[in-house]
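Single-letter residue listing:
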Amino acid sequence: MPELASRLHQLQCRISGATAPAAGRSRLLAVSKTRGIEEIAALAALGQLAFGENYVQEALPKIAACAADPGLPGLEWHLIGRLQSNKAREAAHAFDWVQTVDRAKLADALSRHRDPARPALNVLIQVNVDGEPGKGGCEPHEVPALATHVAALPRLALRGLMAIPAPVPDPSTRRAAFRSLAALQTRLAATHPGLDTLSMGMSDDFELALAEGATLVRIGTALFGPRPPKPKQAATTTESA
Ligand SMILES: *Cc1c(COP(=O)(O)O)cnc(C)c1O
């Protein structure tokens, strides 16, 4: 897949060019929702080993198929979609990172179900940084207490914060949202010195996010090309009695 190789290379160049000096080296998370094993394997062969998935149900068979393929190196799987507590057991088994922890009860369930024989599950706290109603993530003022709670759980490793700011057209508004997440992380690091990951920025705005200190950008479309439309989801969210 030559287009995949050239898009990956271009993204890597843009990421290293836009990374803020203080962020050190920023990483690319390849968002592989709706994508098949062939594309994931092609990226893995190019050295891209970190993948993000939105839905536990969609991810489980992909993660299992990749793990069972002797031709593939070990991959790092991140859950970046909303997680219901009743799926916490499956998520704690299948993923290496959960980026969408936004409440204590969910953190408790993830820690309880994480296999003690494996490394601790890496966790980011998702913050609803622009106060968009109905969106996942805790409120900014809830972050310190939730961070203290997560950090005390035995099977979780708190690594930082994640946000999905509203895709407003005005770049300075988006940039302000990234900046406020970065400021929150800086304040939190005073009491949690191990934090090293700030997950923000997608295909349309990752350079703005990197300029504000992102260390992990989550990119789907700019790497794989446009996603096929999802009629099922559109129907369930718009049709109500
Ligand atoms: C789909 C998704 C992405 C990637 O979006 P693109 O615009 O395709 O890069 C990043 N983060 C989250 C949480 C997503 O759901």
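Basis of the calculations
- Per chain, residue numbering runs from 1 following the sequence as it is written.
- Where local features are concerned, this predicted model is filtered to residues with pLDDT of at least 70; where side-chain atom pairs are given and counted, the filter is 80 or more; whole-chain, interface and lining totals use all residues.
- Hydrogens and water are ignored here; the side-chain numbers use all heavy atoms of the structure.
- UniProt positions are given in the numbering used here, feature names are shortened, and annotations may be inferred rather than shown by experiment.
- Working definition: helices are DSSP H or I runs of at least four residues, strands are E runs of at least two. Numbering for both runs from the N terminus.
- Residue burial is assigned from relative accessible area. The probe radius is 1.4 Å, only protein chains are included, and a residue is buried under 20% of its type maximum, exposed over 50%, and partly exposed in between.
- Residue contacts follow a heavy-atom distance rule, with two residues in contact if any of their heavy atoms lie within 4.5 Å.
- If a single non-hydrogen atom of a residue is within 4 Å of a molecule or strand, that residue counts as near it.
- Pairs of N or O atoms within 3.5 Å make up the polar contacts considered here, provided that, within protein, one atom can donate a hydrogen while the other can accept it, and that residues adjacent in sequence are counted only when both atoms are side-chain atoms.
- For this scheme, ten residues count as nonpolar: Ala, Val, Leu, Ile, Met, Phe, Trp, Tyr, Cys and Pro. Four count as charged, namely Asp, Glu, Lys and Arg, and the remainder, Gly too, count as polar.
- Stacked, tilted and edge-to-face pairs are distinguished by plane angle, under 30 degrees for stacked and over 60 for edge-to-face with tilted covering the rest, among Phe, Tyr and Trp rings (Trp via its six-membered ring) whose centres lie within 6.5 Å.
- One side-chain nitrogen of Lys or Arg within 4 Å of one carboxyl oxygen of Asp or Glu is enough to make a salt bridge.

Moving on, we get to the UniProt feature "modified residue: N6-(pyridoxal phosphate)lysine" (unreviewed entry) in the protein. Residues annotated by UniProt as "modified residue: N6-(pyridoxal phosphate)lysine" (unreviewed entry) correspond here to K33. Mapping K33 onto the fold places it in the loop between β1 (27-31) and α2 (37-45). Note on K33: relative accessible area 17%, which makes it buried. Once residues within four sequence positions are removed from consideration, K33 is found in contact with G52, E53, N54, E58, K62 and R227.

So, about the site of the ligand. Inspection of the region around the ligand gives V31, K33, N54, I80, I164, M202, S203, R218, I219, G220, T221 and R227 as its neighbouring residues. Between an oxygen atom of the ligand and a side-chain N or O atom of S203, the distance comes to 2.5 Å. Backbone polar atom of G220 to an oxygen atom of the ligand: 2.8 Å apart, as the coordinates give it. By residue class, the composition of the shell around the ligand is five nonpolar, four polar and three charged.

This paragraph deals with the packing of aromatic side chains. In this structure the tally under the stated criterion is one aromatic pair. When the ring of F51 is compared with that of W77, the centres are 5.6 Å apart and the planes differ by 35°; the resulting orientation is tilted. Here F51, found in strand β2 (residues 50-53), pairs with W77, found in strand β3 (residues 76-79); they are 26 residues apart in sequence, far enough to count as distant. Pair check on accessibility: F51 and W77 agree, each one buried.

Right, let's get into the pattern of salt bridges. Following the criterion strictly, the structure yields twelve salt bridges and no others. The residue R174 makes a salt bridge to D205 at a minimum N-O spacing of 2.7 Å. With R174 in helix α7 (residues 171-189) and D205 in the loop between β7 (197-199) and α8 (206-211), this pair connects stretches of sequence that are 31 residues apart. On the basis of relative accessible area, R174 is assigned to the buried category, the value being 12%. One continuous salt-bridge network, built from bridges that share partners, spans E53, E58 and K62.

Within the span of helix α5 (residues 104-113), buried status applies to L106, A107, A109, L110 and S111. Packing partners of the buried residues in α5 comprise α4 (88-94), β4 (97-101), β5 (121-126), α6 (143-151) and β6 (156-162).

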